[in-house]
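Residue-level structural notes
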Amino acid sequence: QVQLVETGGGTVQAGGSLRLSCAASGTIFRLNAMGWYRQTPGKQRELVASISSSGNTNYAISVKGRFTISRDNAKNTVYLQMNNLKPEDTAVYYCNADANQRYYSTTRTYWGQGTQVTVSS
């Protein structure tokens, strides 16, 4: 199995910053794309940002220019630097990774347990 553990959530005032981290562990042959999603009660989980294994990034329009996704392949870790946070960024943030456990395994998608981010006005 592949485990994803998120850290770095919390409460911050509007305009502040937070940095989320997500470390992947377990039996991993290859980590492919990794990303961050968020979800609020009653709404579908939405993509915040993603990054390919080669470093190509993709952002939701609502966070472009404020959030930065990066990864450290040596540490199997993905980060999300969130600046100029707004109350509407309040959500549970989930880490996501596509991975192969063996060279012959099919790619599977794994999820972290989620970390709460609360932005007060």
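Here, the structure is the one placed above.
Quick notes on the rules
- Residues numbered from 1 in each chain as written.
- Predicted model: local features only at pLDDT ≥ 70, side-chain atom pairs only at ≥ 80, totals over all residues.
- Heavy atoms only, no water.
- Helix = DSSP H or I, 4+ residues; strand = E, 2+ residues; numbered from the N terminus.
- Buried < 20%, exposed > 50% of the residue type's maximum accessible area, 1.4 Å probe, protein only.
- Contact = heavy atoms within 4.5 Å.
- Areas by Shrake-Rupley, 256 points an atom, 1.4 Å probe, with all protein chains shown as cover.
- Phe/Tyr/Trp six-rings, centres within 6.5 Å; stacked < 30°, edge-to-face > 60°.
- Lys NZ or Arg CZ within 6 Å of the ring centre and 35° of its normal.

Some points on the overall build of the protein chain
For the protein chain, the helix and strand inventory stands at zero helices and eleven strands. Scanning the protein chain from its N terminus toward the C terminus, one meets helices and strands in the order β-β-β-β-β-β-β-β-β-β-β. Counting only C-alpha atoms and orienting by the principal axes, one finds that the protein chain spans roughly 50 × 25 × 20 Å. Burial status across the protein chain gives 41% buried among its 121 residues. A separation of at least 24 residues holds for 56% of the contacts in the protein chain among residues at least 6 apart in sequence. In the form shown here, the protein chain has an accessible surface area of approximately 6,400 Å², with 47% of it arising from carbon and sulfur atoms.

Some details on the environment of alanine 24
Take alanine 24: it is sitting in strand β3 (residues 18–26). For alanine 24, a relative accessible area of 8% gives the class buried. Alanine 24 sits 71 residues away from cysteine 95 along the chain, and the two C-alpha atoms are 9.6 Å apart. Those residues in contact with alanine 24 that sit more than four places away from it in its chain are Gln3, Leu4, Leu31 and Asn76.

Thoughts on the packing of aromatic side chains
According to the stated counting rule, one finds two aromatic pairs in the structure shown. Summarising the aromatic geometry, the rings of tyrosine 37 and tryptophan 111 are spaced 5.0 Å apart at their centres and angled 65° between planes, so their arrangement reads as edge-to-face. Within this pair, whereas tyrosine 37 is found in strand β4 (residues 30–39), its partner tryptophan 111 is found in strand β10 (residues 108–111), the two being separated by 74 residues in sequence. Given the relative accessible area of 23%, tyrosine 37 is considered partly exposed. Over the aromatic face of tyrosine 79 sits the side chain of arginine 19, whose NZ or CZ is 4.1 Å from the ring centroid.

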